[in-house]
Amino acid sequence: MKLLNTLKNFSHTHPDTLVYLSPTEEITYGELWRQSEQVAAFLLKLNNEKHIPVIVYGHMDASTIGSFLGCVKAGISYIPIDTSIPFERIAKIIASSQAEWVINASGQELAVNNFSVSVANYDKILADQVSDVPVDQSNWVSGEENFYIIYTSGSTGNPKGVQISANNLQSFVNWMVEDFPIKENLRFLNQAPYSFDLSVMDLYPALACGGTIFAITKEMIAKPKLLFEALEKSRTQVWTSTPSFVQMCLMDPSFTDKLLPELRVFLFCGEILPVAICRQLMNRFSNARIFNTYGPTEATVAVTSIEVTAELLETYSNLPIGKPKGDTKILLVDENGLAVDHGEKGEMIIVGPSVSKGYLGQQELTEKNFFHYEGEQAYRTGDAAYIDQDGLIFYKGRIDFQIKLHGYRMELEEIECHIANCKYVKSAAVIPVYQNDKIDYLLAAIIPTNHDFEKEYQLTSAIKKELSAFLPAYMIPRKFSYYEDLPLTPNGKMDRNKCKEMVHQ
Ligand code: AMP
């Protein structure tokens, strides 16, 4: 695979160049390559001939990246799981992927006694020095073999694993390196944890061009003072984040080019990029270029892009998501799958080499969402859009109940399913509450079972506690309201629109 070859060559010609740094550690290309060789040698000794994916449990540490690279050099795909993911959810991912091994790169204890997996600690793998012989390149993941599998929210209540092959990733990386001002030796900000595919937007382009990754940890996100101190030292040149994250940074007046004097490129993906954010960025970072990119995890991070110029901001109050990358087509279809007339709104279908082969072990769901179109892989996004006379694509929201909250993707049905399973809940609807066209928070409208709590807040905290075992914190609704009845549709399903009206009364 070209990406791994480039990385190998760079690690040998520039072993002392920094590849990864955080406030607590830094590591060079040479050392990262060496560590990942040890991980690969360890995995090869396990004789995992079935190529079962390996889970990598970790946060924003070099050991997490070393584990990823070790897996793919041993010909095995990895499943990144951030340390913020609750254990019950990890259990579901283990069951659905049938993973047999977890590499624990977190440096913390991982209590998986009840799971049928073996755990190898990263530090122990390195200390054991399995082999000094370089891993044979013929082992590396290549072509249509899976490179990574990222689990994302599923409407049935279970997360689904999106399989991304070496070819998918290479198509994405080629585009990033060729079509964006991403050149050699730049310093990349890494905001998204590795269990979200936005992290792929900085990680692999950086590795493909000898860049250095500066990682933001969850401790920094929780304490803005730490974040700003770290940013000041970061020398960031390429910024990748969700619009929500940069909006949070913009709330601090010191977020300017004085803090980040070398910043030249802002890359955004994952949710609507508001005009107001771009205007503020242009005022505060006069030397930086801004790009809006769009794409789902299922098509490897992003497939369309546009540079946001002052002229674009003058022309549009809702920014376009741009045009597809050179090797990709976007079709717009109606509910019968037929192409819509030019300028009409339709569902976006992505066709091209970065479209995933489907969800791991979920044939039915894969067949529902993926198909072949003129010999290429195609994905039904569930996103509505229209294309204007200049060929620019405009995002027009979802056609289902998938949402983005503070940049995180989630299915309302998955949250409802977990709330409905809680001890004190008979049934529930989860309703997004908007402020200025953007979801501000989620509200859970609940019919409770009989209970002995005196106060509603006690009931709420009991339900939230139960939920926290299954759902990551960002998926747990902020507000809970209790009702004797919730409106149903004639066919007995929760009537979300009527629920919405009810909670807004
Ligand atoms: P994820 O798989 O987490 O990257 O989420 C993919 C979804 O995020 C897409 O299907 C869209 O609904 C939304 N999305 C991604 N990029 C953009 C964008 N630039 N503008 C609006 N929505 C976006």
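Conventions used here
Residues numbered from 1 in each chain as written. Predicted model: local features only at pLDDT ≥ 70, side-chain atom pairs only at ≥ 80, totals over all residues. Heavy atoms only, no water. UniProt positions renumbered as here; feature names shortened; annotations may be inferred. Helix = DSSP H or I, 4+ residues; strand = E, 2+ residues; numbered from the N terminus. Rg over C-alpha atoms; globule rule 2.2 N^0.38 Å. Buried < 20%, exposed > 50% of the residue type's maximum accessible area, 1.4 Å probe, protein only. Contact = heavy atoms within 4.5 Å. Areas by Shrake-Rupley, 256 points an atom, 1.4 Å probe, with all protein chains shown as cover. Core = buried A, V, L, I, M, F, W, Y, C linked by side-chain atoms within 4.5 Å. Near = heavy atom within 4 Å. Polar contact = N/O pair within 3.5 Å; in protein donor to acceptor, adjacent residues only side chain to side chain. Lys, Arg positive; Asp, Glu negative; His and termini not counted. Salt bridge = Lys/Arg side-chain N within 4 Å of Asp/Glu carboxyl O. Pairing = 2+ DSSP bridges. Axes fitted to C-alpha atoms, helices over the stretch in contact; angles between N-to-C directions.

The protein is annotated in an unreviewed UniProt entry as D-alanine--D-alanyl carrier protein ligase of Bacillus salipaludis. UniProt, in the comment section headed Pathway (unreviewed entry), describes the protein in these words: "Cell wall biogenesis; lipoteichoic acid biosynthesis." The record in UniProt for the protein states the following under Sequence similarities (unreviewed entry): "Belongs to the ATP-dependent AMP-binding enzyme family. DltA subfamily."

Trainee: What should I look at first to understand the overall build of the protein in this one?
Mentor: Regarding its fold elements, the protein presents 16 helices and 26 strands. Scaling as 2.2 N^0.38, a compact globule of 505 residues should have a C-alpha radius of gyration of about 23 Å, and the protein matches this with 23 Å. Once the C-alpha set of the protein is aligned to its principal axes, its extents read approximately 65 × 60 × 50 Å. Within the span of the protein, comprising 505 residues, buried residues form 57% of the whole. Partitioning the intrachain contacts of the protein with sequence separation of at least 6 by distance along the chain shows that 66% fall at a separation of at least 24. Carbon together with sulfur atoms contributes 49% to the accessible area of the protein, which is approximately 22400 Å² in total.

Trainee: Would you take a moment to explain unusual backbone geometry for this structure?
Mentor: Note: most peptide bonds trans; most residues except glycine with negative phi. A positive phi angle, close to 60 degrees, is found at N185, a residue other than glycine. With respect to the helices, strands and loops of the structure, N185 is situated in the loop between α6 (166-179) and β9 (187-190). Non-glycine residue D437 carries a positive phi angle of around 65 degrees. Along the chain, D437 falls in the loop between β24 (425-435) and β25 (438-448).

Trainee: Can you help me understand the nonpolar core in this one?
Mentor: Burial of nonpolar side chains together is a common tendency in soluble globular proteins. Core analysis: the largest hydrophobic core is formed by 86 residues, its most contacted members being Y20, F147, L169, F172 and Y204. Beyond its immediate chain neighbours, meaning those up to four positions away, F172 contacts V200, M201, P205, T300, V301, A302 and K325. Within the second largest apolar cluster, 36 residues are counted, among which are L189, F266, F285 and F394.

Trainee: Sorry, what's going on with the site of the ligand here?
Mentor: Near the ligand, the surroundings consist of 17 residues, among which T293, T297, D383, K404 and R409 are the closest. Within the side chain of T297, a nitrogen or oxygen atom sits 2.6 Å from an oxygen atom of the ligand. Within the contact set of the ligand, an oxygen atom lies 2.5 Å away from a side-chain nitrogen or oxygen of D383. For the ligand, the accessible surface in isolation is 500 Å², of which the surrounding protein chains cover 94%.

Trainee: What is the right way to look at the side chain of R284 in this model?
Mentor: Relative to the helices and strands, R284 is located in helix α11 (residues 275-284). Buried within the structure, R284 lacks any salt-bridge partner; its nearest side chain of opposite charge belongs to D252, at an N-O separation of 6.4 Å. At 3.1 Å, the side chain of R284 forms a polar contact with the backbone oxygen of D252. Setting aside residues up to four positions removed in sequence, R284 forms contacts with L250, D252, P253, F255, T256 and D257.

Trainee: In this structure, what is going on with the pairing of strand β26 (residues 479-482)? I would like to understand it.
Mentor: The side chains of a regular strand alternate between both faces of the sheet. With four bridges connecting them, β25 and β26 associate as parallel partners. Bridge pairing links A445 to S481 in β26.

Trainee: I keep staring at the environment of K426 and nothing clicks. Help me out?
Mentor: By the element assignment, K426 lies in strand β24. For K426, a relative accessible area of 59% corresponds to the exposed category. Here K426 is in contact with I447, P448 and T449, once residues within four sequence places are set aside.

Trainee: So what exactly am I meant to see when it comes to the environment of D252 here?
Mentor: As for its position among the elements, D252 is in the loop between α10 (243-250) and β12 (265-268). With 24 residues separating them along the chain, D252 and F228 place their C-alpha atoms 9.2 Å apart. Not counting residues up to four positions away in its chain, the partners in contact with D252 are F228 and R284. At 2.8 Å, the side chain of D252 and the side chain of S254 are in polar contact.

Trainee: I keep staring at the sheet that holds β25 and nothing clicks. Help me out?
Mentor: With mixed pairing, the three strands of this open sheet are ordered in space as β24-β25-β26. Looking at the sheet topology across the chains shown, the edges are occupied by β24 and β26. Direction aside, the axes of adjacent strands within the sheet are offset by 25 degrees on average. Examined bridge by bridge, β24 and β25 share 10 bridges and lie antiparallel to one another. Its bridge partner being in β25, V425 is matched across the sheet by P448. In the packing of helix α15 (residues 456-468) onto the sheet, the strands contacted are β24, β25 and β26, and the crossing angle to β26 comes to about 120 degrees.

Trainee: Looking at this model, I keep getting lost on the UniProt feature "binding site: D-alanine" (unreviewed entry) in the protein. Mind explaining?
Mentor: UniProt annotation of "binding site: D-alanine" (unreviewed entry) refers to D197, V301 and K493 when read in the numbering used here. In sequence the annotated residues extend across 297 residues, and in space they extend as well, their farthest C-alpha pair lying 33.4 Å apart. The exposure class of D197 is buried, given its relative accessible area of 10%. If sequence neighbours within four positions are ignored, D197 has contacts with Y148, I150, P296, T297, T300 and V301. Beyond its immediate stretch of four places on either side in the chain, V301 contacts Y148, F172, D197, L198, V200, M201, C269, Y294, G295 and P296.

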